[in-house]
Amino acid sequence: MPFCPNCGKEVGADFVFCPGCGQRLKVGVTPENTSGLGESATVPEEVKGWSWGAFALTWIWGIFNQVWLAFLMFIPFPLFGLAWAIVLGIKGNEWAWRNKKWDSIEHFKSTQRSWNIAGIVVFVILIVVEVVILAVVIPLVLYVSYVST
């Protein structure tokens, strides 16, 4: 019996895709759309990758992509929200593919592209605001401590 070249799982000779990792085993065959099937969905390689939308917009992105795990970012534990945002950035596209039915890979990528643009804009705005705040607060604190001495 043959084995998957990607994960090494034993597969049948007539298998088109590996049931373990979704690797295409036969050339010239397009994967079927398994989006929205939860854990049994096969996530295409084109879907995987960093998601700026999931990272920067967390729970808002989660609602629209039916990734309810995004709400874990509200756990009131120091730095957990940031850590969870990073996890969403890494795994968000895969979870969105598994949890919501998409018309095609192109439909998914087009939608996520819009989320990525919005996520990058929000991220840049937050960084600029933080830099401006620090540029004002640090000199102000130094000035106040200088004047009071």
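This is a predicted model, so every value here is computed, not measured.

Caption draft 1: Region of interest: the overall build of the protein chain. Each helix and strand counted, the protein chain has three helices and zero strands in total. Ordering the α and β elements of the protein chain from the N terminus gives α-α-α. The C-alpha atoms of the protein chain give 22 Å as radius of gyration, which overshoots the globular expectation for 149 residues (15 Å, by more than 25%). On the principal axes, the C-alpha backbone points of the protein chain span a range of 80 × 30 × 25 Å. When the 149 residues of the protein chain are sorted by exposure, 28% land in the buried category. Restricting the contact set of the protein chain to residue pairs at least 6 apart, pairs at least 24 apart contribute 53%.

Caption draft 2: Geometry of the pattern of salt bridges. Overall, the coordinates contain two salt bridges when judged by the stated rule. Residues E94 and K91 are paired through a salt bridge, measuring 3.1 Å at the closest nitrogen-oxygen approach. Separated by three residues within a single helix, E94 and K91 lie in helix α2 (residues 80-99), roughly one turn from each other. E94 gets classed as buried once you look at its relative accessible area, which sits at 14%.

Caption draft 3: Representation of the nonpolar core. Grouped together as the largest cluster of nonpolar side chains are 17 residues, with contacts concentrated most on V47, W61, V67, L88, W97 and F108. Elements represented by at least two residues in this core include exactly α1 (52-64), α2 and α3 (105-147). Top element by residues in this core is α2. It accounts for five residues. When sequence neighbours within four positions are dropped, the list of residues in contact with W61 reads S51, G53, A54, V67, L88, G92, N93, A96, Q112 and W115.

Caption draft 4: Region of the structure containing the packing of α1 against α3. Where α1 contacts α3, the axes come no closer than 7 Å and their chain directions differ by 120°. The angle between the axes of α1 and α3 places the two elements in the oblique class. Here α1 and α3 pass one another in a crossing that is right-handed. The segment α1 lies against α3, with W52, G53, F55, A56, L57, I60, W61 and F64 engaging Q112, W115, N116, A118, G119, I120, V122 and F123. Its residues placed into classes, the contact of α1 with α3 shows twelve nonpolar, four polar and no charged.

Caption draft 5: Representation of α1 within the structure. Between the first and last C-alpha of α1 there are merely 14 Å, a value that for 13 residues lags more than 12% behind the 18 Å anticipated at 1.5 Å per step. Just beyond α1, the residue with positive phi is Q66, at close to 55°.

Caption draft 6: Spotlight on the environment of Q112. With respect to the secondary-structure elements, Q112 resides in helix α3. Spatially, the C-alpha atoms of Q112 and N99 are 14 Å apart, while their sequence positions differ by 13 residues. Setting aside its immediate chain neighbours within four residues, Q112 contacts S51, W61, N65, N93, A96 and W102. A distance of 3.0 Å separates the side chain of Q112 from the side chain of W61, its partner in a polar contact.

Caption draft 7: Broad picture of the side chain of T34. As for its placement among the helices and strands, T34 is situated in the segment before α1. The class for T34 is buried, based on a relative accessible area of 7%. A polar atom in the side chain of T34 sits 2.8 Å from the backbone nitrogen of T42. Not counting the four nearest positions on each side in its chain, T34 is found in contact with A41, T42 and W97.

The rules behind the values
- Residues numbered from 1 in each chain as written.
- Predicted model: local features only at pLDDT ≥ 70, side-chain atom pairs only at ≥ 80, totals over all residues.
- Heavy atoms only, no water.
- Helix = DSSP H or I, 4+ residues; strand = E, 2+ residues; numbered from the N terminus.
- Rg over C-alpha atoms; globule rule 2.2 N^0.38 Å.
- Buried < 20%, exposed > 50% of the residue type's maximum accessible area, 1.4 Å probe, protein only.
- Contact = heavy atoms within 4.5 Å.
- Salt bridge = Lys/Arg side-chain N within 4 Å of Asp/Glu carboxyl O.
- Core = buried A, V, L, I, M, F, W, Y, C linked by side-chain atoms within 4.5 Å.
- Axes fitted to C-alpha atoms, helices over the stretch in contact; angles between N-to-C directions.
- Parallel < 35°, antiparallel > 145°, perpendicular 65-115°, else oblique.
- Left-handed = near helix turned anticlockwise from the far one by under 90°.
- Nonpolar A, V, L, I, M, F, W, Y, C, P; charged D, E, K, R; others polar.
- Expected span 1.5 Å × (residues − 1).
- Polar contact = N/O pair within 3.5 Å; in protein donor to acceptor, adjacent residues only side chain to side chain.

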